[in-house]
Amino acid sequence: MTTFYPGPSKVYPQVAQYLQDAFAEGILSVNHRSPECMEITRGAIEGLHQKLHIPDDYFIYFVSSATESWEIIAQSLTMQESLHIYNGAFGEKWADYAEKLVPKVERVTFNIEELPDLKQIKSGGDVVCITQNETSNGTQIKDLIPFRDVFPEAIIAVDATSSLGGIALDWQQGDVWFASIQKCLGLPAGMAIMVCSPKAIQRAEQINDRKYYNSLLFIHDNFQKFQTHYTPNVLNIYLLNKIMADINDITILSEKIKLQAHHWYNFFDKNAAVQTKVCATKPLIQNPEVRSDTVITIEGNESQIKDIKNITKANGITIGNGYGSWKNTTFRIANFPAIEENEIVALEELLTK
Ligand SMILES: *Cc1c(COP(=O)(O)O)cnc(C)c1O
């Protein structure tokens, strides 16, 4: 079965073998404070630094999900107010989670065809929350430099769940980055990566939150020894370690993903004009400057979308449903690195029949 679902998504094919290896090597039963486990954790972190070009002075932690990262940011990094700038369902959910935990949440929404107009924002937010790639509608914010310019004092927190591991990210422009691993990183669900700048850790120390099992400083202290304060998802850390060793450098991966995205958008732009199954569907996002490279969202009328979903399903290919208000009028195609060329060709052939 082939899946283009944008999360949980296709895992790298070699995961099958690595699962067997993990069992055979006894990894599934090792103590999480054992030298073996510390070594796997150290290796996975080193692999992330190397392959994804995460700066040496940025800290990397493993937590359970992107959702948990939202809470950690609210608990451990927000003093008075978080500012949420978003245009879709995941950005909104983040603000909803933060609202339960921080004294003040400010929301600024923007149009899906545009970038946010930062100069208009009068904010006292000490954390600025941005969804780099909005999985629900297939938009992205490519350049984060303007956020640093407009909010120089703030901690810039970036949800990169559906782009981290697929495209090159400008790490220095953010203080906290996070992604669960079941999307662009092509691994089984159940873990997330959190990346923090020295500035973020200084902020955490200033706030000094140690009330929760997942208070950032607790996590930080334990990771200095490549350990966790609870029993972590050792299998996923093991798989991440292996996959980081396998994948190409992010500059190569990123180039490939961007070319492929260009190809997908072209395919739907072009096919809208001719008599095929996808005739009269078009990319939801028309502005190339804000189109996602990793989640391609295609819009059409309800019966067309239903038709396309049925046909792909009957042929053993899963495409992503629309999300939220676009549930019935769009479908989504994950453009993640674990998906192979021949799978893309098969989907295109099916859609042009
Ligand atoms: C999937 C997704 C999440 C939630 O991830 P979980 O692993 O379910 O917590 C958060 N943000 C974005 C942008 C996502 O795509």
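Residues numbered from 1 in each chain as written. Predicted model: local features only at pLDDT ≥ 70, side-chain atom pairs only at ≥ 80, totals over all residues. Heavy atoms only, no water.

Can you explain the overall build of the protein? Please cite residues and give values.
Helices and strands together make up the secondary structure of the protein, namely 11 helices and 15 strands. In terms of overall dimensions, the protein is globule-like: its C-alpha atoms have a radius of gyration of 20 Å, near the 20 Å expected for 353 residues. For the protein, the spread of C-alpha atoms along the three principal axes comes to 60 × 55 × 30 Å. Across the 353 residues that make up the protein, the buried fraction comes to 58%. The contacts of the protein with a sequence gap of at least 6 include a subset with a gap of at least 24, amounting to 71%. If you sum the accessible surface of the protein, you get close to 14,800 Å²; carbon and sulfur atoms cover 51% of it. When the 31 positive and 42 negative side-chain charges of the protein are each reduced to one mean point, those points stand 5 Å apart. (Helix = DSSP H or I, 4+ residues; strand = E, 2+ residues; numbered from the N terminus. Rg over C-alpha atoms; globule rule 2.2 N^0.38 Å. Buried < 20%, exposed > 50% of the residue type's maximum accessible area, 1.4 Å probe, protein only. Contact = heavy atoms within 4.5 Å. Areas by Shrake-Rupley, 256 points an atom, 1.4 Å probe, with all protein chains shown as cover. Lys, Arg positive; Asp, Glu negative; His and termini not counted. Charge placed at Lys NZ, Arg CZ, Asp CG, Glu CD.)

A description of helix α7 (residues 216-223) should follow, citing residues and the corresponding values.
α7 sits mainly inside the fold: six of its eight residues count as buried. On its buried side, α7 packs onto α2 (35-52), β2 (59-63), α3 (66-76), β10 (192-196) and α6 (198-207).

Residues and numbers for the domain arrangement of the protein, please.
How large an interface is tends to be reported as the accessible area lost when its parts come together. By domain assignment, the protein separates into domain 1 (2-7 + 249-351) and domain 2 (15-246). Taken over C-alpha atoms, the centre of domain 1 sits 26 Å from the centre of domain 2. If you look at the interface, domain 1 gives 29 residues, while domain 2 gives 29 residues. Carbon and sulfur atoms supply 58% of the area buried between domain 1 and domain 2, which totals about 2,400 Å² over both sides. A per-residue breakdown of the area domain 1 buries against domain 2 is headed by Ile250, Val290 and Tyr323, which together make up 27% of the total. Here domain 1 is connected to domain 2 by zero salt bridges. The tally of links from domain 1 across to domain 2 stands at 17 residue pairs in polar contact (both at pLDDT 80 or more). Residue assignment for the side of domain 1 that touches domain 2 shows that the elements contributing at least two residues are α9 (250-271) and β12 (295-299). Among the residues making up the side of domain 1 that touches domain 2, the classes are represented as 15 nonpolar, eight polar and six charged. (Domains from an automatic or database assignment. Buried area = accessible area lost by both parts, 1.4 Å probe. Salt bridge = Lys/Arg side-chain N within 4 Å of Asp/Glu carboxyl O. Polar contact = N/O pair within 3.5 Å; in protein donor to acceptor, adjacent residues only side chain to side chain. Nonpolar A, V, L, I, M, F, W, Y, C, P; charged D, E, K, R; others polar.)

Tell me about the side chain of Gln140, and name the residues and values.
The residue Gln140 is located in strand β7 (residues 139-140) in this model. Polar contacts involving the side chain of Gln140 include one to the main-chain carbonyl oxygen of Arg291, which spans 3.0 Å.

So what's going on with the site of the ligand? Which residues, and what values?
Around the ligand sit Ser65, Ala66, Thr67, Trp70, Phe90, Asn133, Thr135, Asp159, Thr161, Ser180, Gln182 and Lys183, and that is every residue in its neighbourhood. In this structure, a nitrogen atom belonging to the ligand sits 2.6 Å away from a side-chain N or O atom of Asp159. Contacts to the ligand include Lys183, whose side-chain N or O atom sits 2.7 Å from an oxygen atom. For the ligand, the protein covers 86% of the area, taking 380 Å² as the surface of the free molecule. (Near = heavy atom within 4 Å.)

Quick one: what's the story with the sheet that holds strand β9 (residues 176-180), residue by residue and with numbers?
One open sheet holds the seven strands; their spatial order is β2-β10-β9-β8-β5-β3-β4, and the pairing between them is mixed. Sheet topology places β2 and β4 (104-109) at the edges, where each strand pairs with a single neighbour. Sheet twist, expressed as the mean angle between neighbouring strand axes with direction ignored, is 20°. Packed onto the sheet, α7 meets β2 and β10 and runs at close to 110° relative to β2. (Pairing = 2+ DSSP bridges. Axes fitted to C-alpha atoms, helices over the stretch in contact; angles between N-to-C directions.)

If you had to explain the pairing of strand β3 (residues 81-86) to someone new, which residues and values would you point to?
On any regular strand, side chains alternate: one points to one face of the sheet, the next to the other face. Counted residue by residue, β3 has six buried out of six residues, so it is predominantly covered. In terms of strand pairing, β3 meets β4 through six bridges, oriented parallel. Across the sheet, residue His84 finds its bridge partner in β4, namely Arg107. After leaving β3, the chain enters helix α4 (residues 89-99) and then returns to the sheet as β4, a path that is right-handed. (Right-handed = clockwise from strand over helix to strand, strands pointing away.)

Residues and numbers for the packing of aromatic side chains, please.
The full count for this structure, using the stated rule, is 13 aromatic pairs. With 6.4 Å between their ring centres and 90° between their planes, Phe4 and Trp264 make a pair best called edge-to-face. Of this pair, Phe4 sits in the loop between β1 (2-3) and α1 (15-24) while Trp264 sits in helix α9, and the two are 260 residues apart along the sequence. On the accessibility criterion, Phe4 (0% relative accessible area) is buried. With a relative accessible area of 0%, Trp264 lands in the buried category. Their ring planes at 15° and their centres at 6.4 Å tell us that Trp70 and Trp94 sit as a pair that is stacked. Here Trp94 lies in helix α4 and Trp70 lies in helix α3, a separation of 24 residues in the sequence. Overall, Trp70 belongs to the buried group, its relative accessible area being 4%. (Phe/Tyr/Trp six-rings, centres within 6.5 Å; stacked < 30°, edge-to-face > 60°.)

Kindly report on the environment of Glu68, identifying the contributing residues and their values.
Following the sequence through the fold, Glu68 ends up in helix α3. Residue Glu68 is classed as buried on the basis of its relative accessible area, which comes to 9%. Sequence separation between Glu68 and Tyr97 is 29 residues, and the spatial gap between their C-alpha atoms is 9.6 Å. Those residues in contact with Glu68 that lie beyond four places of it in its chain are Val63, Tyr213 and Asn214. A distance of 2.7 Å separates a polar side-chain atom of Glu68 from the backbone nitrogen of Ser64.

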